[in-house]
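Below are the chains, spelled out letter by letter.
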Amino acid sequence: MATVRLSFSPAPVHVRTARLVGVAVARRAGVREDLLDEVRLAIGEACTRAVALHRQYGVSDPVLVEMSDSGAYAVRVVDRAPIEAGIGLAALDADQLANESLTDEALTTGVGFALLAGFVEDLQVRPVDEGIGTEVRMVWPVGR
């Protein structure tokens with residue numbers, strides 16, 4: 001099992017690097033070529049979401065990205081924003097996303113999760129520790 005770890009300051013310019021590394025690791029892990037665009041888009045969306053939350057809440061801690069090829073290709077993107085900022089919207093359904101009473105912030109985060117769900121069949125969003133941080137975990141099959 002190989003694991004690649006990246007951590008980067010919460011600046012949008014670093015999201016591209018995370019996408020490029022993520023696709024390179026996915027290719028090496030054996031993810032099918034026809035899934036690589038989905039991998040690229042999903043990693044970009046998860047990292048963009050983390051960067052946006054860090055910037056919105058003034059969190060200077062780095063965003064963490066871990067990629068592992070143990071049996072499947074798994075990517076974890078961890079932010080350090082207050083949990084109520086990032087995870088509460090993970091369970092929104094399409095009807096709630098269409099509700100105009102949602103704040104712009106809520107709508108943006110909810111749409112981000114909706115996009116991720118469209119790119120990734122195996123998607124988990126959960127809090128990390130002590131009310132600070134959210135982990136977005138995405139998994140794709142590999143063909144070895």
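Conventions used here
- Residues numbered from 1 in each chain as written.
- Predicted model: local features only at pLDDT ≥ 70, side-chain atom pairs only at ≥ 80, totals over all residues.
- Heavy atoms only, no water.
- Helix = DSSP H or I, 4+ residues; strand = E, 2+ residues; numbered from the N terminus.
- Buried < 20%, exposed > 50% of the residue type's maximum accessible area, 1.4 Å probe, protein only.
- Contact = heavy atoms within 4.5 Å.
- Polar contact = N/O pair within 3.5 Å; in protein donor to acceptor, adjacent residues only side chain to side chain.
- Expected span 1.5 Å × (residues − 1).
- Pairing = 2+ DSSP bridges.
- pLDDT = per-residue confidence, 0-100.
- Salt bridge = Lys/Arg side-chain N within 4 Å of Asp/Glu carboxyl O.
- Core = buried A, V, L, I, M, F, W, Y, C linked by side-chain atoms within 4.5 Å.
- Axes fitted to C-alpha atoms, helices over the stretch in contact; angles between N-to-C directions.

Visitor: Please give an account of the environment of Glu-135 that cites residues and values.
Guide: For Glu-135, the position within the fold is in strand 5 (residues 132–140). Taking the relative accessible area as the measure of exposure, Glu-135 reaches 4% and is therefore buried. When the C-alpha atoms of Glu-135 and Ala-46 are compared, they prove to be 9.5 Å apart, with 89 residues separating the residues in sequence. Setting aside anything within four residues of it in sequence, one finds Glu-135 in contact with Arg-76, Val-77, Val-78, Gln-124, Val-125, Arg-126 and Val-128. Here the side chain of Glu-135 touches Arg-76 through a polar contact of 3.2 Å, side chain to side chain.

Visitor: A description of helix 2 (residues 36–56) should follow, citing residues and the corresponding values.
Guide: In this model helix 2 runs 30 Å from its N-terminal to its C-terminal C-alpha over 21 residues, within 8% of the 30 Å that 1.5 Å per residue would give. Regarding helix 2, the residues found buried are Leu-36, Val-39, Ala-42, Ile-43, Gly-44, Ala-46, Cys-47, Arg-49, Ala-50, Val-51, Leu-53 and His-54. Count one or two residues on from helix 2 and you reach Gly-58, which has phi positive near 65°.

Visitor: I'd like a description of the pairing of strand 4 (residues 122–129), backed by residues and values.
Guide: Sheet topology places strand 4 next to strand 5; seven bridges connect them, and they run antiparallel. Each bridged residue has a counterpart across the sheet, and for Val-125 the counterpart in strand 5 is Val-136. Counting the residues in the hairpin turn of strand 4 and strand 5 gives two residues, including Glu-130, whose phi is positive at 45°.

Visitor: How would you summarise the confidence of the model for the protein chain if you had to cite specific residues and measurements?
Guide: Scored by pLDDT, the protein chain has a mean of 82; 78% of the residues are at 70 or more. When mean pLDDT is compared element by element in the protein chain, strand 2 (residues 63–68) scores highest at 97, while helix 4 (residues 94–98) scores lowest at 43.

Visitor: So what about the pattern of salt bridges? Which residues, and what values?
Guide: Counting across every chain of the model gives nine salt bridges. Across the salt bridge formed by Glu-66 and Arg-5, the nearest N and O atoms sit 3.0 Å from each other. With a gap of 61 residues between them, Glu-66 in strand 2 and Arg-5 in strand 1 (residues 3–8) connect regions that are remote in the sequence. Salt bridges linked by common partners bring Arg-5, Glu-66, Arg-76, Arg-126 and Glu-135 together as one network.

Visitor: So what's going on with the nonpolar core? Residues and values would help.
Guide: Counting residues in hydrophobic clusters, the biggest one holds 29 residues, and the most contacted among them are Val-31, Tyr-73, Val-75, Val-77, Met-138 and Trp-140. Secondary-structure elements contributing two or more residues to this core are helix 1 (13–29), helix 2, strand 2, strand 3 (73–82) and strand 5. By residue number, the principal contributor to this core is helix 2, which donates eight residues. Those residues in contact with Met-138 that sit more than four places away from it in its chain are Ala-42, Ile-43, Ala-46, Tyr-73, Ala-74, Val-75, Val-77, Leu-116, Val-120, Asp-122 and Leu-123.

Visitor: Tell me about the sheet that holds strand 4, and please be specific about residues and values.
Guide: Spatial strand order, 1-2-3-5-4: five strands in an open sheet with antiparallel pairing. Of all the strands in the sheet, just strand 1 and strand 4 have a single pairing partner and so form its edges. Neighbour-to-neighbour, the strand axes of the sheet open up by a mean angle of 15°, direction not taken into account. Sheet topology note: the strand 1/strand 2 ladder contains six bridges and is antiparallel. By the bridge assignment, Thr-3 is partnered in strand 2 with Ser-68. Relative to strand 1, helix 1 is tilted by about 175°, and along the sheet it contacts strand 1, strand 2 and strand 3. The sheet contacts of helix 2 involve strand 1, strand 2, strand 3 and strand 5, and relative to strand 3 the element is tilted by about 15°.

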